[in-house]
Amino acid sequence: MNPFTISTLTTVDPLMRAAAAMHLTFDRPDLVVVTHDILEGGVRRTVADVTGVIDQTITPLEHACISCAIREDVLPTLVGLRRQARWQHVVVALPVTAEPAPLVRLLDGALRPDGQLAGADFGTVAAVVDAATLREDAFSDDWLTDRGLGLRDDDDRVIAEALAPILAAADVIVLAGQTPAPDVAFAVADHLRGDGSHVVSAELANVTPALLDRPRGRSRDCLERADPLRTPRRTPRDRAGVWSLRLESDRPFDASRLRENLHRMADHPIRVRGHFWIASRPHAACVWEEAGGQLSVGEVGTWSGRPPRTSLMVTGVGNERAAIADAFAAALHSPADPVGDDRLDDWFGATPDGDEAV
């Protein structure tokens, strides 16, 4: 078959997505863009290239969510476009505010030798963001639904919560604007990007080179960046008022101390991601995801033979750094103290039978 490379475009702005997709098709006659939008009760797929819109189809779905859209529509669409042998590159423009990891996970399997897209190439996972508003958006507690950006009517995420995984997973973050991106936008993107990714500044009219004229990425890199049990290997330097703080310990949290110090750790306009363990639940691998004041903690299974560890990466733009570090230290379990009452059933469910405290 002819060469066929699959890239992914993510945004939190519908106008920016539309402009980027338009310029991609104008610049590359060998490229086709597949855009998906979640509707009430279905998903709309639009296929366009330099000649214009080729196809637009609405597929009814019982549950119109991004995972359903990927499973039901994206993969067969890519297979069909490849068979036509008209294009060498396809860009999947995901629904606005949708993170790329579910699609990349699907492609990771489909591109294997026994997959439906065997022989095709993985391209680039690109995030296109507004350079002028990135600092505000990255820590914003504005509800997506208030801005008309929710994937569903009941989407309960805030802007920062949607933007964070998009920035973390991308191979390249494009700071788009009519003028060169300000230093603070570069700083925010650098602190929130994943290992091995890049940040560039470009006008939307020049977005094609930023997205496509780069070395191809690897699906496993994107998935590793999205893995909550992996924290970035690097700690970015403080820059333009943006800081990151790595909080690590081989000690677990104490359940009672964690409750007592949670507000001091979490009640800030910050971005936090990482993993931890609890003295009263030593076999449970727990994750911490926070953005724009929205905190999510939970178990994701066991440590699978890996030594348990508490590791959080905190990024902020305020003066909370010292208070967060102090609260983190105060929440850790002391080996000299007995393990107290768990008191975390409302967060993690009942303590598993046979889970012996450390």
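To start, this report covers the structure provided alongside it. (Residues numbered from 1 in each chain as written. Predicted model: local features only at pLDDT ≥ 70, side-chain atom pairs only at ≥ 80, totals over all residues. Heavy atoms only, no water.)

**Comments concerning the overall build of the protein chain**
Of the regular secondary structure elements, the protein chain holds 11 helices and 13 strands. Against the globule reference of 21 Å for 358 residues, the protein chain gives a C-alpha radius of gyration of 21 Å, in line with a compact fold. Considering only C-alpha atoms, the protein chain reaches an extent of 70 × 45 × 35 Å along its principal axes. Within the span of the protein chain, comprising 358 residues, buried residues form 53% of the whole. A fraction of 72% describes how many contacts in the protein chain between residues 6 or more apart in sequence connect residues 24 or more apart. Carbon together with sulfur atoms contributes 49% to the accessible area of the protein chain, which is approximately 15700 Å² in total. The distance from the centre of the 37 positive side-chain charges to the centre of the 53 negative ones in the protein chain is 6 Å. (Helix = DSSP H or I, 4+ residues; strand = E, 2+ residues; numbered from the N terminus. Rg over C-alpha atoms; globule rule 2.2 N^0.38 Å. Buried < 20%, exposed > 50% of the residue type's maximum accessible area, 1.4 Å probe, protein only. Contact = heavy atoms within 4.5 Å. Areas by Shrake-Rupley, 256 points an atom, 1.4 Å probe, with all protein chains shown as cover. Lys, Arg positive; Asp, Glu negative; His and termini not counted. Charge placed at Lys NZ, Arg CZ, Asp CG, Glu CD.)

**Details of the packing of aromatic side chains**
The tally for this structure, following the rule as stated, stands at 4 aromatic pairs. Judged by centre distance (5.6 Å) and plane angle (80 degrees), the ring pair of F253 and F328 falls under edge-to-face. Placement of F253 in the loop between β9 (243-249) and α9 (255-266) and of F328 in helix α10 (residues 321-331) is noted, with a sequence separation of 75 residues between them. Residue classification places F253 among the buried positions, given a relative accessible area of 0%. F328 gets classed as buried once you look at its relative accessible area, which sits at 5%. Ring centres of F276 and W288 lie 5.9 Å apart, and the angle between their planes is 75 degrees; this geometry places the pair in the edge-to-face category. (Phe/Tyr/Trp six-rings, centres within 6.5 Å; stacked < 30°, edge-to-face > 60°.)

**Some remarks on the sheet that holds strand β3 (residues 42-49)**
A sheet is described by the order of its strands in space; here 8 strands give the open sequence β4-β3-β2-β5-β1-β6-β7-β8, paired in mixed fashion. Strands at the two margins of the open sheet, each flanked by one partner only, are β4 (52-60) and β8 (198-202). Strand-to-strand twist across the sheet, computed as the mean angle between neighbouring axes with direction ignored, equals 20 degrees. In terms of strand pairing, strand β1 (residues 5-10) meets strand β5 (residues 89-93) through 5 bridges, oriented parallel. When the bridges of β5 are listed, T5 appears paired with H89. (Pairing = 2+ DSSP bridges. Axes fitted to C-alpha atoms, helices over the stretch in contact; angles between N-to-C directions.)

**A short note on unusual backbone geometry**
In the Ramachandran plot, T97 falls in the positive-phi region, its phi being about 80 degrees despite a non-glycine side chain. Relative to the helices and strands, T97 is located in the loop between β5 and α3 (101-110). With phi around 50 degrees, S304 is a residue other than glycine that occupies positive phi space. Considering the arrangement of structural elements, one finds S304 in the loop between β12 (294-302) and β13 (310-316). Judged by its relative accessible area of 62%, S304 falls in the exposed class.

**Looking at the sheet that holds β9**
Backbone-to-backbone hydrogen bonds join strands into a sheet, with any given pair of strands oriented parallel or antiparallel. As summarised here, the arrangement of the 5 strands in space is β9-β13-β10-β11-β12, forming an open sheet in which the pairing is antiparallel. Two strands in the sheet have a free side with no partner beyond their single neighbour: β9 and β12. Pairwise comparison of adjacent strand axes, ignoring direction, gives a mean angle of 20 degrees for this sheet. Where strand β10 (residues 271-278) lies against strand β11 (residues 281-291), 7 bridges are found, and the strand directions are antiparallel. Bridge pairing in β11 places I278 opposite R281.

**Comments concerning the pairing of β8**
In the sheet, strand β7 (residues 172-176) pairs with β8 via 5 bridges, with the strands oriented parallel. In the strand pairing of β8, I173 is matched with V199.

**Topic: the environment of P338**
Topologically, P338 is positioned in the loop between α10 and α11 (345-348). Between the C-alpha atoms of P338 and A279, which are 59 residues apart in sequence, the distance is 9.5 Å.

**Examining the pattern of salt bridges**
Tallied over the full model, the rule gives 25 salt bridges. Across the pair D190 and R234 runs a salt bridge, and its minimum N-O distance is 3.5 Å. A residue pair is termed long-range when its members are at least 10 positions apart, and D190 in helix α6 (residues 183-192) and R234 in the loop between α8 (219-226) and β9 qualify at 44 residues. Exposure remark for D190: the relative accessible area of 18% places this residue in the buried category. Salt bridges sharing common partners tie together R17, D37 and R44. (Salt bridge = Lys/Arg side-chain N within 4 Å of Asp/Glu carboxyl O.)

**Remarks on the pairing of strand β6 (residues 121-130)**
Buried residues dominate β6, accounting for 8 of its 10 residues. The pairing of β6 with β7 spans 5 bridges and is parallel. Paired with A126 across the two strands is V172, which belongs to β7.

**Let's talk about α6**
Counting buried positions along α6 yields 7 of 10 residues, so the element is predominantly enclosed. Of the residues making up α6, those classed as buried are A185, A187, V188, A189, D190, H191 and L192.

**Some details on helix α1 (residues 14-27)**
Across its 14 residues, α1 extends 20 Å between first and last C-alpha, which sits within 8% of the 20 Å expected from 1.5 Å per residue. Looking only at α1, the buried set comprises M16, R17, A19, A20, A21, H23, L24 and T25. Measuring from the side-chain oxygen of the N-cap residue of α1 to the backbone nitrogen of L15 gives 2.9 Å; that N-cap residue is D13. (Expected span 1.5 Å × (residues − 1). Polar contact = N/O pair within 3.5 Å; in protein donor to acceptor, adjacent residues only side chain to side chain.)

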